[in-house]
Amino acid sequence: MSHRINAARTAQHLAGRAATVCGLAHPLTHVLLAAAATAAAQAWEAGHRVTDLHPVRTDRNTGG
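Residues numbered from 1 in each chain as written. Predicted model: local features only at pLDDT ≥ 70, side-chain atom pairs only at ≥ 80, totals over all residues. Heavy atoms only, no water.

Draft legend 1. Representation of the overall build of the chain. Scanning the chain for helices and strands turns up three helices and zero strands. For the chain, the α and β elements follow one another from N to C terminus as α-α-α. Across the 64 residues that make up the chain, the buried fraction comes to 17%. Within the chain, contacts between residues at least 6 apart in sequence are counted, and of these 59% link residues at least 24 apart. Just so you have it, the chain exposes about 4,800 Å², and 59% of that area is on carbon and sulfur atoms. (Helix = DSSP H or I, 4+ residues; strand = E, 2+ residues; numbered from the N terminus. Buried < 20%, exposed > 50% of the residue type's maximum accessible area, 1.4 Å probe, protein only. Contact = heavy atoms within 4.5 Å. Areas by Shrake-Rupley, 256 points an atom, 1.4 Å probe, with all protein chains shown as cover.)

Dropping the structure here:
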């Protein structure tokens, strides 16, 4: 797996954790969300697509 994909996943995970623990208004959350957006943009520019970062999950019920 690409380094950029791993970096984007990690940044998104950390931002989500910070939002859960600290709240959306916390400065740390803002910094980590900015880092996640930057990492995702770099992955996109390198030719990766959203499905590379968030593969389709078949183990979830869609609620239909």
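Draft legend 2. A look at the nonpolar core. In terms of nonpolar packing, the biggest core is built from five residues, these being Ala8, Ala11, Ala15, Ala36 and Ala39. Those elements giving two or more residues to this core turn out to be α1 (3–22) and α2 (27–45). Considering every element that reaches this core, the biggest residue donor is α1, with three residues. Residues contacting Ala11, with those up to four places away along its chain left out, are Leu32, Ala35, Ala36 and Ala39. (Core = buried A, V, L, I, M, F, W, Y, C linked by side-chain atoms within 4.5 Å.)

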